[in-house]
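A look at the structure
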Amino acid sequence: MQRPLEGTLVVDFTRYLPGAFAGAELLRLGARVVRVEREGGDPMRTTAPEWHELLNAGKELAPWDDAGRLLAEADVVLESFRPGVAAQLAIGAGAAPETAVYCSITGFGVGGPHEQRAGHDLNYVGWAGVLESTAPALPPVQIADLAAGALGAVTEILAALLERTRTHTGAHIVVSMTHNAHRLACRAPVLTEGFACYRMYETADGRYLTVGALEPKFFSRLCEHLGRPELAGRQYDVDQVTLVAELAQVFRSRPLEEWLHMFEREDVCVGPVATLAEAQTAFGIPGP
């Protein structure tokens, strides 16, 4: 694993999931991450202790009394207060070195009508339009926190650090979880509009199989293995409902493991809807 951020000091004033995940990613890339906690600590410590332990493993912890000293030494600063609060606490962007990349993770950005509105992930994705086609079902992961907020922040921070190598000056980055979540959702949903070659199918044992056979060569090969080669020519027909029903009937004829065994060495873009435990076993991914 490359550690391109070796020697980079990240001072983290955030609370809850977005900042914790962003800091964990910067740590993974080699940065030294120091979390500075106010009295009472991060509420995630009690509301989601497993997440707290997982995302903060390897980070250093410092008391609030050290905030000024650490801020003066920082290469990167993370904060997630409502706009204006960090400045009131004397840890705003103006208090950071000119060479620091200062990143504010916000719910709604700055300057807009919702700037001071309280919220969490579900509120942000609701405002962003992400839930339009899924409500009232909850998303399986916190899209605004993890993708729009944390990974959005990491992307901008890395770009600012690269720019700093040329200009020798830092930047103040403002990440809006709502705006970034909308950017993810507003693209035309080409692959979620019901194509038979890109969906999940129930198997005989109540499990599910993923089919992502977008290219005709993959879909044709899949149909051959299913014993229904005549379906290949209907891959992108207007009537996807009938095609889905025919494929669904075939996939319900065998349990998941039989399908996986059949397609083990075939280029057909098929896989399981694995449990978290199965994914950890299959790919050696460590658990929480």
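Before reading on, note that the structure itself is shown above.
As a starting point, this report considers the structure included with it. (Residues numbered from 1 in each chain as written. Predicted model: local features only at pLDDT ≥ 70, side-chain atom pairs only at ≥ 80, totals over all residues. Heavy atoms only, no water.)

Take the pattern of salt bridges next. In this structure the tally under the stated criterion is 15 salt bridges. For E37, the salt bridge is made with R45, and the minimal N-O distance between the two is 2.8 Å. Residue classification places E37 among the buried residues on the basis of a relative accessible area of 14%. Note that E246 and R228 form a salt bridge whose closest N and O atoms lie 2.7 Å from each other. Pair noted here: E246 is in helix α10 (residues 240-251) and R228 is in the loop between α9 (216-225) and α10, with a separation of 18 residues, a long-range link. Taking the relative accessible area as the measure of exposure, E246 reaches 18% and is therefore buried. Each of R228, E230, R234 and E246 takes part in a single network of salt bridges with overlapping partners. (Salt bridge = Lys/Arg side-chain N within 4 Å of Asp/Glu carboxyl O. Buried < 20%, exposed > 50% of the residue type's maximum accessible area, 1.4 Å probe, protein only. Helix = DSSP H or I, 4+ residues; strand = E, 2+ residues; numbered from the N terminus.)

Another point: empty space enclosed by the protein. Summed over all chains, the structure comprises one cavity of 30 Å³ or more. If you add up the space inside the largest cavity, you get close to 80 Å³. Considering the residues around the largest cavity, the lining is formed by D12, F13, T14, R15, R35, V36, E37, R38, G41, D42 and F81. The biggest single contributor to the lining of the largest cavity is strand β2 (residues 32-37), with three residues. (1 Å grid on protein atoms, 1.4 Å probe; cavity = no way out; pocket = protein on both sides within 12 Å on 5 of 7 lines; lining within 4 Å. Points joined across faces, edges and corners; volume = space filled by probe spheres on them.)

Of all six residues in β2, five are buried; the element is thus mostly enclosed. The parallel pair strand β1 (residues 9-12) and β2, bridged by helix α1 (residues 16-28), forms a crossover whose chirality is right-handed. Where β2 and strand β3 (residues 60-63) come together, four bridges link them in parallel fashion. When the sheet's bridge partners are listed, R35 is paired in β3 with L61. (Right-handed = clockwise from strand over helix to strand, strands pointing away. Pairing = 2+ DSSP bridges.)

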